[in-house]
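# Reading the structure
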Amino acid sequence: MKKPALIFIFGLLSYSRLFSEEIAFPPELMWWIYEIRKVNAAVEIQDFKFAGETREDIIYYDSLKMLLKYPVLMRWNYSGNYFAYNDYHRADISRTRSGKYRIGAFDDVSYLMIADRNKKVFLCESFGLNKSLDAVYWLTDTVLVGAGEAIYGDTVHVLISRYTIDMKNNKILIKTYFYENAYKTADRKFLKTRWFEHRNDYFED
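Quick caveat, the model's predicted, so the values are computed rather than measured.

## Let's talk about the overall build of the protein chain
Counting its regular elements, the protein chain contains two helices and eleven strands. In sequence order, the secondary structure elements of the protein chain are arranged as α-α-β-β-β-β-β-β-β-β-β-β-β. Considering the protein chain as a whole, with its 205 residues, one finds that 41% of them fall into the buried category. Taking all contacts inside the protein chain whose residues are at least 6 apart in sequence as the whole, residues at least 24 apart take part in 59%.

## Brief notes about the pairing of strand 8 (residues 131-138)
In summary, the side chains of a regular strand alternate between the two faces of the sheet. Extensive coverage of strand 8 is indicated by the burial of six of its eight residues. Pairing of strand 8 with strand 9 (residues 143-152), which is carried by seven bridges, proceeds in the antiparallel orientation. Bridge pairing in strand 9 links Lys131 to Ala150. Connecting the antiparallel pair strand 8 and strand 9 is a turn made up of four residues.

## A few points about the environment of Pro26
Checked against the element boundaries, Pro26 lands in the loop between helix 1 (3-19) and helix 2 (30-36). Residues Pro26 and Leu139 lie 113 residues apart in sequence; the distance between their C-alpha atoms is 6.0 Å. Excluding its chain neighbours within four sequence positions, the residues that come into contact with Pro26 are Tyr137, Leu139 and Val145.

## Overview of the sheet that holds strand 6 (residues 111-116)
Across the sheet, which stays open at both edges, the four strands sit in the order 2-3-6-7 with antiparallel pairing between neighbours. Either end of the sheet is taken by a strand with one partner, and the two such strands are strand 2 (74-76) and strand 7 (121-126). If you compare each strand with its neighbour and ignore which way they point, the axes differ by 20° on average. Two strands pair when backbone bridges link them, and strand 6 and strand 7 are joined in this way by five bridges, in the antiparallel orientation. Within strand 7, the position partnered with Tyr111 by the bridge is Ser126.

## With respect to the nonpolar core
Core analysis: the largest hydrophobic core is formed by 41 residues, its most contacted members being Phe25, Trp32, Phe48, Val158 and Ile160. Elements with a minimum of two residues in this core: helix 2, strand 3 (82-87), strand 6, strand 9, strand 10 (155-166) and strand 11 (171-184). Every residue in contact with Phe48, bar those within four places of it in the chain, is listed here: Ile23, Trp32, Ile33, Val43, Val158, Leu159, Ile160, Tyr177, Phe178 and Tyr179. Counting residues in each nonpolar core, the second largest holds 19 residues, with Tyr82, Ile114, Phe127 and Ile174 among its members.

## Comments concerning the pairing of strand 11
By the bridge criterion, eight bridges tie strand 1 (residues 49-57) to strand 11 in an arrangement that is antiparallel. Looking at the pairing, Gly52 lines up with Thr176 of strand 11. Where strand 10 lies against strand 11, eleven bridges are found, and the strand directions are antiparallel. Each bridged residue has a counterpart across the sheet, and for Thr155 the counterpart in strand 11 is Lys184. In textbook terms, the turn of a hairpin is the stretch between consecutive antiparallel strands, and for strand 10 and strand 11 this stretch comprises four residues, one of which, Asn170, has a positive phi near 60°.

Definitions and cut-offs
Residues numbered from 1 in each chain as written. Predicted model: local features only at pLDDT ≥ 70, side-chain atom pairs only at ≥ 80, totals over all residues. Heavy atoms only, no water. Helix = DSSP H or I, 4+ residues; strand = E, 2+ residues; numbered from the N terminus. Buried < 20%, exposed > 50% of the residue type's maximum accessible area, 1.4 Å probe, protein only. Contact = heavy atoms within 4.5 Å. Pairing = 2+ DSSP bridges. Axes fitted to C-alpha atoms, helices over the stretch in contact; angles between N-to-C directions. Core = buried A, V, L, I, M, F, W, Y, C linked by side-chain atoms within 4.5 Å.

Any functional reading would require information beyond the geometric quantities listed.
This is the structure:
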């Protein structure tokens with residue numbers, strides 16, 4: 001076999017592995033998959049397709065400390081040196097007489113921030129109106145996994161994002177995986193995909 005043909009076959013196999021790579025998904029987020037299966041029983045984690053990756057520089061934003069308003073939204077890693085702050089469309093949160101929280105009005109912008117223990121933000125990712133993360137969970141001290149959605153017309157694509165903190169090289173690697181056409185926008189009313197909808201110990205209607 002000629003060398004160009006070998007190169008082509010090797011490239012094809014590498015391409016196939018790239019788009020079928022195994023996704024490390026925390027068991028603590030499986031409830032999110034189960035919710036989606038209420039309207040689409042075919043959804044499986046291994047069927048999410050790799051959509052791309054970016055490398056973001058680690059830059060500290062002291063000015064963003066003021067946005068880290070609600071401790072209930074902080075997800076600390078295992079060592080307690082980083083936390084993720086997933087604000088679902090900048091929801092207005094109030095405290096009730098019972099001591100629980102109530103989710104109020106949503107803003108147009110949804111974002112995720114990662115900060116150190118001194119509340120110095122070193123990643124701020126904005127998603128806009130039609131895309132957001134429903135929940136996040138630390139896989140390891142330096143790997144955060146997010147699960148969310150992107151709305152396109154009457155269709156909802158669901159997504160899994162993986163954030164890997166690399167302090168040695170001052171980078172954060174973000175990989176994204178999509179499951180296209182997971183369900184119809186009209187079916188969203190049957191689902192509780194937002195993490196706070198499952199935490200009656202923290203929130204009330």
